[in-house]
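Coordinates in review
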Amino acid sequence: ISENTKKDIIKFYGIEESKIEVIYWATTLKPPQKKVNLDLPKKYIMFVGNRGKYKNFNRFINACTPLLKDDLELNIVCAGSSAFSKEEKKKFEEEGLGGRVLHVRFKDDEELACIYSSAICLVYPSLYEGFGSPILEAFSCGCPIVLSNRSSLPEIGGDAVVMFNPEDEKSIVNSVVEVVYDKKLRESMIKKGKERVKMFTYDRTIDNYLKVFREISR
């Protein structure tokens, strides 16, 4: 699903390069077509998906805590996955972020698209991804992306994102600040993202799979 995954397969399994085809995924998510009833703050950055270890959520929160303390209007919205644990809630309270880091469930793609499109930006701090579907989802919904520079993520994000070192809290927050407070930059990123997502279509995905099937069935 990415050149990076291909390299990992070669490295860890010793598969011959000639036996591997890279076929990118796409997204079916579209910009919101109607207003949905979600209780979202007026000003927020977005985190999406599960918050497991490699997703780097704790470091992301640590990096952005000073920013939220400086800008009392800014919030973090975490979309999808499970509700916050007792430990997470305790951490937020101890840092003075109670009510500023929110978990929002969505029932369908329309609600997810609304969360993307209303966010100042998506922050995707993952340490490893085989592909990174939220990148395409955000592009499609006109949401700027502040992105980890690891694994497949630069490959998918291209020049339409602002990247950071996900193991460096200063790098994370500096990149977030750059995007949050520069409207012209965000407008440029949105435009580039809408062009870049056109490179990833399921028509192309299907055609590439069919090509492989035809070749191996000869």
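Computed from a prediction, not measured in an experiment: that's the story for all the values here. (Residues numbered from 1 in each chain as written. Predicted model: local features only at pLDDT ≥ 70, side-chain atom pairs only at ≥ 80, totals over all residues. Heavy atoms only, no water.)

Right, let's talk about the packing of aromatic side chains for a bit. Going through the model one piece at a time under the given rule, you end up with 9 aromatic pairs. For the pair Tyr24 and Phe131, a centre-to-centre distance of 6.3 Å together with 55° between the ring planes defines the contact as tilted. With a gap of 107 residues between them, Tyr24 in the loop between helix H1 (3–13) and strand E1 (44–48) and Phe131 in the loop between strand E4 (121–124) and helix H5 (133–140) connect regions that are remote in the sequence. Taking relative accessible area as the criterion, Tyr24 reaches 29% and is therefore assigned partly exposed. The exposure class assigned to Phe131 is buried, which follows from its relative accessible area of 2%. A ring pair is formed by Phe47 and Phe57, whose centres lie 4.9 Å apart and whose planes are at 70°; its orientation type is edge-to-face. Of this pair, Phe47 sits in strand E1 while Phe57 sits in helix H2 (residues 57–70), placing them 10 residues apart in sequence. Comparing Phe47 with Phe57, the two get one shared label, buried. Between the NZ or CZ atom of Arg51 and the centre of the ring of Phe57, over which it lies, the distance is 5.7 Å. (Phe/Tyr/Trp six-rings, centres within 6.5 Å; stacked < 30°, edge-to-face > 60°. Helix = DSSP H or I, 4+ residues; strand = E, 2+ residues; numbered from the N terminus. Buried < 20%, exposed > 50% of the residue type's maximum accessible area, 1.4 Å probe, protein only. Lys NZ or Arg CZ within 6 Å of the ring centre and 35° of its normal.)

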